[in-house]
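One-letter residues, chain by chain:
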Amino acid sequence: MTDRPNILLITSDQQRGDCFGFEGRSVKTPHLDRMARNGTHFGACITPSAFCQPARASMLTGLLPYTHGVADNGINLDPATGETGFGGTLGKAGYATAFFGKAHFSTKTTYNPTDTPECNSGSQTYPDDWCGPYMGFEHVELIVHGHLNKARENKRPPIGQHYERFFFSRGQDGEALDRWATELPPVTGAAQTWHSGLPAAWHSSSWIGDRSIEWLRNRDRTDPFCMWVSFPDPHHAFDCPEPWSRLHHPDEVEIPEHRTLDLERRPWWHKASLEGKPVIDDPEIQRYRMKGQKVPPQTDVQLRDMTTNYYGMISMIDHQVGRILDALDAAGDRGNTIVIYTTDHGDLLGDHGLYLKGPTLYEGVLRVGMIVDGPGIPAGKIVNDPVSTLDLAPTFYDFANVPAPNALQGQSLHPLIQGDGSAGREAALSEWYVHKSRYGFDMDLRTVRTATHKCTFELLTGAGELYDLVNDPTEMENRFDDPAYAAVRCQLEEIMQARPGTRMETFPPQIGMA
């Protein structure tokens, strides 16, 4: 490996940390399993925030949400901050930089028009041949409507970007959207779940794989590259196309042992977030938040159907990962490319009777997978220190021998990858300021996760939840007010209070939904 290796970051969206074949679930991920065997897997990696925009801004910049300002969805990342992320920094250092897929650095559904390429209104002002730059990446091909959903209107070009133009040009007028919405049997009535009639070749995962491979084949080989390939799945709606939706049998997928609501055992906001109504003036956004982001109780048959489609979406991504890795091999780049696979956050998928994601920060939402593979990466190594996708940017700088552009809160994973275990980590942090536009009330949620415990503090009311992950891995007993865990709570609170770096006193206003 040279001192300037290529860097390939591949991400999914809303993929649980346990939803890999090598994690013991029945989901079929042969290419990711091979990456884990050949490389290093982080078993206690968490998201810096439980929602897309804050998490993705942190992945790009190496800064926590309360520092870069994207404290919740609906807040745009300041381009000046985004351009100091790893795309812009490595680009200035001589790397060719590219982004394919779902960025979500800016808000799509806004109250008023904005000029970003990810905004429903702003995207219409960009010519068809626009391919960047954006947030530090020189070449970009974007998916704006990464998650089509029957609970809201699905906009057509000129709204959207590269994938939307591809999607709506397939077949006859409107055929792609009609076939996407077609529900193939069996129809169980599972929430936001169906076996979609969309041809797999028209699906966003296939398009991202195709476009990424095309860029790898045709790139100028003079300089090393840094490339972010970002798949929108397995985020809801769970609308997997055939044959991937048939890859796992519903009777054979795992569903949680504890899959009924147990709100009486939880802090106040668990129940309040299910019952609350968004405080928001825009009726379309309020309607979607009430219908599209809340899931009623599901039967076991429905949960198995949901999980089957969720697994199928992951397997479809895994297939594209295999194609991209094959393209690296064919180009002779594999021996000088560090490949990282991770996601922005997880999904509850029935844990404690809950679905999707929210302020119920169980491991299904908080913990994410992270695999690092490439030249010089130890094979088959598992690192169980608490780390975060916040650590991606400083890790890339370390591999590329490029100084960080500013003080970062993330830390390079390189010492953990190459070390003997002596350079350990005490804890990883996650934070999310929940605006009343989501559930009807504000919350300031700060989570500290160590190798053995996890505590979420709600700072506006002083409530919280503390779980012993060693003795209670399914998080059944909230120990926040348990005298036997007072010392642990105190230790985690001290870590939370010692949060490194600056914090914005006032966050930028929300300008829309997501």
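Just above sits the structure.
To start, this report covers the structure provided alongside it.

What counts as what
Residues numbered from 1 in each chain as written. Predicted model: local features only at pLDDT ≥ 70, side-chain atom pairs only at ≥ 80, totals over all residues. Heavy atoms only, no water. Helix = DSSP H or I, 4+ residues; strand = E, 2+ residues; numbered from the N terminus. Rg over C-alpha atoms; globule rule 2.2 N^0.38 Å. Buried < 20%, exposed > 50% of the residue type's maximum accessible area, 1.4 Å probe, protein only. Contact = heavy atoms within 4.5 Å. Areas by Shrake-Rupley, 256 points an atom, 1.4 Å probe, with all protein chains shown as cover. Lys, Arg positive; Asp, Glu negative; His and termini not counted. Charge placed at Lys NZ, Arg CZ, Asp CG, Glu CD. Axes fitted to C-alpha atoms, helices over the stretch in contact; angles between N-to-C directions. Parallel < 35°, antiparallel > 145°, perpendicular 65-115°, else oblique. Core = buried A, V, L, I, M, F, W, Y, C linked by side-chain atoms within 4.5 Å. Phe/Tyr/Trp six-rings, centres within 6.5 Å; stacked < 30°, edge-to-face > 60°. Lys NZ or Arg CZ within 6 Å of the ring centre and 35° of its normal. Polar contact = N/O pair within 3.5 Å; in protein donor to acceptor, adjacent residues only side chain to side chain.

## Considering the overall build of the protein
The number of helices and strands found in the protein is 16 helices and 15 strands. What you see for the protein is a C-alpha radius of gyration of 21 Å, in line with the 24 Å of a compact globule of 514 residues. In terms of principal-axis extent, the alpha carbons of the protein reach across some 60 × 50 × 45 Å. In the protein, which comprises 514 residues, the proportion classed as buried is 64%. In the protein, 73% of the contacts between residues at least 6 apart in sequence involve partners at least 24 apart. For the protein, the computed accessible surface area is about 18,400 Å², with 51% contributed by carbon and sulfur atoms. Charged side chains of the protein number 47 positive and 67 negative; the gap between the two group centres comes to 2 Å.

## Re the packing of helix α8 (residues 204-218) against helix α11 (residues 300-331)
Contact pair α8 / α11: the axes reach a minimum separation of 9 Å and the direction vectors enclose 10°. Taken together, α8 and α11 sit at an angle that is classed as roughly parallel. Touching S205, S206, G209, D210, S212, I213 and L216 of α8 are M316, I317, Q320, R323, I324, A327 and L328, all from α11.

## Description of the nonpolar core
Among the nonpolar cores identified, the biggest contains 42 residues, and F42, F86, L90, W228 and I340 are the most heavily contacted of them. For this core, the element with the highest residue contribution is helix α13 (residues 392-400), accounting for six residues. Look past the residues within four positions of I340 in its chain and what remains in contact with it is I7, L8, L9, I10, M370, I371, V372, L392 and F396. If you look at the next biggest cluster of nonpolar residues, it comprises 39 residues, including M35, A36, Y163 and F167.

## Topic: the packing of aromatic side chains
Overall, the coordinates contain 28 aromatic pairs when judged by the stated rule. Considering the side-chain rings of F238 and Y310, the 5.8 Å spacing of their centres and the 80° angle between planes classify their relative orientation as edge-to-face. Residue F238 is located in the loop between β7 (225-230) and α9 (268-275), and its partner Y310 is located in helix α11; the two are separated by 72 residues in the primary sequence. Like F238, the residue Y310 is buried in the burial classification. These aromatic residues form a ring-pair network of at least three members: F86, F99, F105, Y134, F137, W228 and F396. Between R438 and the ring centre of F51, over which it is positioned, the NZ or CZ distance is 3.9 Å. R489 extends its terminal NZ or CZ atom over the ring of F480, reaching a point 3.7 Å from the ring centre.

## Side note on the side chain of T343
On the secondary structure map, T343 appears in strand β8 (residues 337-343). You can call T343 buried: its relative accessible area is 1%. In this structure the side chain of T343 is engaged in a polar contact, spanning 3.4 Å, whose partner is the backbone nitrogen of D13. Within the structure, T343 has its side chain in polar contact with the backbone nitrogen of Q15 (distance 3.4 Å). Aside from chain neighbours lying at most four places away, what touches T343 is T11, S12, D13, Q14, Q15, M59, V368, G369 and T389.

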